[in-house]
Amino acid sequence: MKKFIALLMAAMMVFAFTACGCQDKEASADTYFEKTGTVTAVGGGNMTIETKAGENIAFDISDAKIDADADIDVDDIATVYYSGEVEGVDATNCTVYEVYVQKGELHEMKGILKGGDPAEGTMIIECDGVQYEFNIIQAERHYSNGIAIGNEITIKYTGKIVGTDTTKANVRVVIDTDDNTTKEKENVKVKAVNETVWTTCTVNVRTGSTSASKTVATLKEGTKLTRTGILSDGWSRVTYKGKDEYIASQFLTKKNPEHKPTTKSTTASTTKATTKSTTESTTESTTESTTESTTESTTESTTESTTEAPVPPVNTMKGKIGEGSSMNTLELVTADGKTLTFGITDETRVDIAHGATIGMKIIIEYEGEIVGDDTSKVKLIHICEDPE
């Protein structure tokens with residue numbers, strides 16, 4: 001029994017003090033008790049445990065010493081050291097001095113990811129034909145190659161699942177060991193091409209057409225390449241240093257980013273005048289002018305011009321996706337620990353091959369100025385995975 005000897009000595013000291021200084025109040029070591037059980041609820045300074053006898057007792061632990069390696073969760077095993085008397089399951093007259101906590105039994109479920117929003121902290125897993133929705137906000141996450149619908153997922157949790165109700169289950173670990181490649185590569189087709197393309201952001205060049213393939217180089221935005229094949233799985237085959245390598249097609253464009261608008265002006269003018277004189281002192285002057293190409297006098301003037309509006313400067317920033325991110329909001333945690341929040345609009349281009357996850361390293365491009373932590377004057381224009 002952890003700490004019991006210390007508590008017993010404390011009780012004896014209290015007893016001695018009381019006996020010497022106040023004869024009308026008595027106490028003994030017998031007034032200190034303990035109860036051990038499984039935590040069924042915790043919060044607001046209170047904790048409820050279920051004992052082996054099936055009793056559900058709620059203790060006020062707001063002033064107690066908590067001996068635990070982590071926060072108390074449902075299904076943890078807790079030993080409560082207290083004075084006073086528990087009347088049935090009523091512990092309102094008890095004073096809790098210490099709570100000793102051990103983590104509960106770790107359960108495991110394996111299934112297929114069917115839905116939810118992992119970036120926002122939810123997952124729907126199908127196991128044996130039944131779907132369960134888990135809250136994974138506080139869980140450790142281990143993804144071998146991103147996260148995608150249809151992947152095989154292992155959920156490790158404490159607590160319990162009642163039917164399909166997972167509210168009493170505390171997810172500790174999420175493991176996705178699916179490499180996202182086997183199913184996708186079974187029927188891949190390649191369309192042979194020979195065209196010039198440019199990278200749209202910082203991107204990895206890989207030895208194979210999967211994000212698990214070895215990275216041979218990292219190219220800057222606007223790098224010119226020759227594409228020799230377009231794969232049906234969303235990748236492109238390119239020539240890099242004389243070899244066939246691969247880049248995700250979404251990071252390539254056939255539009256030259258250095259293309260400049262031109263002004264073309266063409267003027268053709270032909271004028272013909274004929275003057276005819278005779279001995280009859282008659283002078284004829286004829287001038288013919290038409291807009292058709294077959295006339296004797298033609299004037300053509302064509303001017304084409306295009307003027308582009310000034311483009312605001314584009315800024316870049318690196319960081320990790322924070323837990324406050326959602327479909328319409330990006331929370332970016334920078335390397336110096338600062339947390340910035342950006343709005344995501346329909347105009348924001350997102351180039352992340354296998355879905356965004358909390359903690360993923362990314363690069364953002366934006367217009368406008370960040371003042372302190374204020375991003376209200378910033379327009380987020382591009383999000384892509386940081387290849388480093």
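Residues numbered from 1 in each chain as written. Predicted model: local features only at pLDDT ≥ 70, side-chain atom pairs only at ≥ 80, totals over all residues. Heavy atoms only, no water.

Chemist: Can you help me understand the overall build of the protein in this one?
Modeler: From N to C terminus, the protein includes two helices and 29 strands. Looking at the 388 residues of the protein, the share that counts as buried comes to 35%. Pairs at least 24 residues apart make up 59% of the contacts formed inside the protein by residues separated by at least 6 positions. As presented, the protein carries roughly 23,800 Å² of accessible surface, and 48% of it is formed by carbon and sulfur atoms. (Helix = DSSP H or I, 4+ residues; strand = E, 2+ residues; numbered from the N terminus. Buried < 20%, exposed > 50% of the residue type's maximum accessible area, 1.4 Å probe, protein only. Contact = heavy atoms within 4.5 Å. Areas by Shrake-Rupley, 256 points an atom, 1.4 Å probe, with all protein chains shown as cover.)

Chemist: Mind showing me how you'd approach the nonpolar core here?
Modeler: A general feature of soluble globular proteins is that nonpolar side chains tend to end up buried together. With 18 residues, the main nonpolar core has Val205, Leu219, Leu225, Tyr240, Ile247, Phe251 and Leu252 as its most contacted residues. Of all elements in the fold, only β14 (203–206), β15 (215–219), β16 (224–231), β17 (235–240) and β18 (243–248) reach the threshold of two or more residues within this core. Leaving out residues up to four positions away in the same chain, Phe251 has contacts with Trp198, Thr199, Thr200, Cys201, Val203 and Asp351. (Core = buried A, V, L, I, M, F, W, Y, C linked by side-chain atoms within 4.5 Å.)

Chemist: Help me understand the packing of aromatic side chains in this model?
Modeler: Ring pairs (aromatic) are described by centroid distance and by the angle formed between their planes. The tally for this structure, following the rule as stated, stands at four aromatic pairs. Considering the side-chain rings of Phe33 and Tyr82, the 5.8 Å spacing of their centres and the 35° angle between planes classify their relative orientation as tilted. Here Phe33, found in strand β1 (residues 32–43), pairs with Tyr82, found in strand β5 (residues 77–83); they are 49 residues apart in sequence, far enough to count as distant. Between Phe342 and Tyr366, the ring centres sit 6.2 Å apart and the planes meet at 40°, which makes this aromatic pair tilted. In this pair, Phe342 is assigned in strand β26 (residues 339–343) and Tyr366 in strand β28 (residues 361–367), connecting sequence segments 24 residues apart. (Phe/Tyr/Trp six-rings, centres within 6.5 Å; stacked < 30°, edge-to-face > 60°.)

Chemist: Would you mind showing me how to read the sheet that holds strand β11 (residues 152–159) here?
Modeler: Across a sheet, paired strands are connected by hydrogen bonds in the backbone, their directions being either parallel or antiparallel. Across the sheet, six strands lie side by side as β9-β8-β7-β11-β12-β10; this open sheet has mixed pairing. Strands at the two margins of the open sheet, each flanked by one partner only, are β9 (130–135) and β10 (140–143). Strand-to-strand, the axes of this sheet are offset by a mean angle of 40°, without reference to chain direction. Sheet topology note: the strand β7 (residues 107–115)/β11 ladder contains six bridges and is antiparallel. Bridge pairing in β11 links Lys110 to Thr154. (Pairing = 2+ DSSP bridges. Axes fitted to C-alpha atoms, helices over the stretch in contact; angles between N-to-C directions.)

Chemist: Sorry if this is basic, but what is going on with the environment of Glu195 here?
Modeler: Within the secondary structure, Glu195 sits in strand β13 (residues 190–199). For the pair Glu195 and Leu225, spaced 30 residues apart in sequence, the C-alpha to C-alpha distance is 8.5 Å. When sequence neighbours within four positions are dropped, the list of residues in contact with Glu195 reads Leu225, Thr226, Arg227, Ile230 and Lys254.

Chemist: Sorry, what's going on with unusual backbone geometry here?
Modeler: Where the residue is not glycine, phi is negative for most of them; where a peptide bond is considered, it is trans in most cases. In this structure, Asp128 takes a positive phi of about 55° despite not being glycine. Mapping Asp128 onto the fold places it in the loop between β8 (122–127) and β9. With phi around 50°, Lys241 is a residue other than glycine that occupies positive phi space. Relative to the helices and strands, Lys241 resides in the loop between β17 and β18. Judged by its relative accessible area of 72%, Lys241 falls in the exposed class.

Chemist: Just checking my understanding: could you explain the side chain of Asp73 for this structure?
Modeler: Summarising the element assignment, Asp73 is placed in the loop between β4 (65–67) and β5. Among the polar contacts made by the side chain of Asp73, one reaches the side chain of Arg172 at a distance of 2.7 Å. Not counting residues within four places of it along the chain, the set of residues in contact with Asp73 comprises Val39, Val42, Lys103, Asn170 and Arg172. (Polar contact = N/O pair within 3.5 Å; in protein donor to acceptor, adjacent residues only side chain to side chain.)

Chemist: What should I look at first to understand the environment of Val333 in this one?
Modeler: Structurally, Val333 can be placed in strand β25 (residues 329–333). With a relative accessible area of 28%, Val333 lands in the partly exposed category. For the pair Val333 and Glu323, spaced ten residues apart in sequence, the C-alpha to C-alpha distance is 9.4 Å. Here Val333 is in contact with Gly319, Lys320, Gly322, Lys338 and Thr339, once residues within four sequence places are set aside.

Chemist: Looking at this structure, I do not really get the sheet that holds strand β2 (residues 46–50). What am I missing?
Modeler: Strand order in the open sheet formed by six strands is β3-β2-β1-β5-β6-β4, with mixed pairing between adjacent strands. Edge positions in the sheet fall to β3 (56–60) and β4, since each has one partner strand and no second. On average, each strand axis in the sheet is tilted by 35° relative to the strand beside it, whichever way the strands run. Here β4 pairs with strand β6 (residues 95–102) via three bridges, running parallel. Looking at β6, one finds that Ile66 is bridged to Val99.

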